[in-house]
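# Summary of structural features
Listed here are the chains, written in short residue letters.
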Amino acid sequence: YRKKVQSIQSELLQAFNTYNNSKELMILEEQNLQASQEEYRLAQERFQLGAGTSLELKSAENAKVQAESNLVSAKYDAKISEINIDRIVGTMIVE
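This one's a predicted model, so the numbers in the text were calculated from it and none came from an experiment. (Residues numbered from 1 in each chain as written. Predicted model: local features only at pLDDT ≥ 70, side-chain atom pairs only at ≥ 80, totals over all residues. Heavy atoms only, no water.)

Each helix and strand counted, the protein chain has two helices and zero strands in total. For 95 residues, the compact-globule estimate of 2.2 N^0.38 gives 12 Å, and the C-alpha radius of gyration of the protein chain, at 21 Å, exceeds that figure by more than 25%. Overall size of the protein chain, expressed as C-alpha extent along the three principal axes, is 70 × 15 × 15 Å. Relative to all contacts within the protein chain whose residues are 6 or more apart in sequence, the contacts with residues 24 or more apart total 78%. Carbon and sulfur atoms provide 54% of the accessible area of the protein chain, an area that totals close to 7000 Å². Charged side chains in the protein chain number 11 positive and 14 negative. The centres of these two groups are separated by 8 Å. (Helix = DSSP H or I, 4+ residues; strand = E, 2+ residues; numbered from the N terminus. Rg over C-alpha atoms; globule rule 2.2 N^0.38 Å. Contact = heavy atoms within 4.5 Å. Areas by Shrake-Rupley, 256 points an atom, 1.4 Å probe, with all protein chains shown as cover. Lys, Arg positive; Asp, Glu negative; His and termini not counted. Charge placed at Lys NZ, Arg CZ, Asp CG, Glu CD.)

Structure, rendered in structure tokens:
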């Protein structure tokens, strides 16, 4: 019984660490998205003024889309980590 409890505690600690890392990554990805949105806005302005190229604009747009995708992935990973914690806690309660 003691080994099972220790195993669950260890799994829970690892799950909390994973969750915390996921939340930190989510914050970084949100900041990255904000930066890429601003870069895209600036690229649009430069393009409209004739100071930027369509390639620069497309590159900034691609970076913004990638940042959006990365944020969605980070949110998904955080939610999976949260669900894993709930699963482990449920295991502790049942046993």
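It is worth spelling out a nonpolar patch on the surface at this point. Taken together, the side chains of Y76, I80 and I83 make up a nonpolar region of the molecular surface, amounting to roughly 310 Å² of accessible area. The partly exposed category is assigned to I80, whose relative accessible area is 41%. (Patch = residues over 30% accessible without salt bridge, like charges linked within 9 Å, V, L, I, M, F, W, Y side chains within 5 Å. Salt bridge = Lys/Arg side-chain N within 4 Å of Asp/Glu carboxyl O. Buried < 20%, exposed > 50% of the residue type's maximum accessible area, 1.4 Å probe, protein only.)

With 48 residues, helix 1 (residues 2-49) should cover 70 Å at 1.5 Å per step; its first-to-last C-alpha distance of 70 Å lies within 8% of that length. Residues of helix 1 that are buried: I8, L12, A15, Y19, S22, M26, E29, L33, S36, Y40 and A43. A positive backbone phi angle near 85 degrees is found at G50, which sits one or two residues after helix 1. (Expected span 1.5 Å × (residues − 1).)

Okay, the pattern of salt bridges next. Using the criterion set out here, one finds seven salt bridges in the structure. A salt bridge links E61 to K58, with the nearest nitrogen and oxygen atoms 3.3 Å apart. On the criterion of helical spacing, the pair formed by E61 and K58 is a turn pair, its members being three residues apart in helix 2 (residues 54-94). The partly exposed category is assigned to E61, whose relative accessible area is 27%. In this structure, K79 engages E82 in a salt bridge whose closest nitrogen and oxygen atoms are separated by 3.2 Å. Highlighted residues: K79 and E82, both in helix 2, separated by three residues, approximately one helical turn. Connected through shared salt-bridge partners, E38, R41 and E45 make up one network.

For the coordinates displayed, the defined rule picks out zero aromatic pairs. The positively charged end of K64 is found above the aromatic ring belonging to Y40, 5.1 Å away from the centroid. (Phe/Tyr/Trp six-rings, centres within 6.5 Å; stacked < 30°, edge-to-face > 60°. Lys NZ or Arg CZ within 6 Å of the ring centre and 35° of its normal.)

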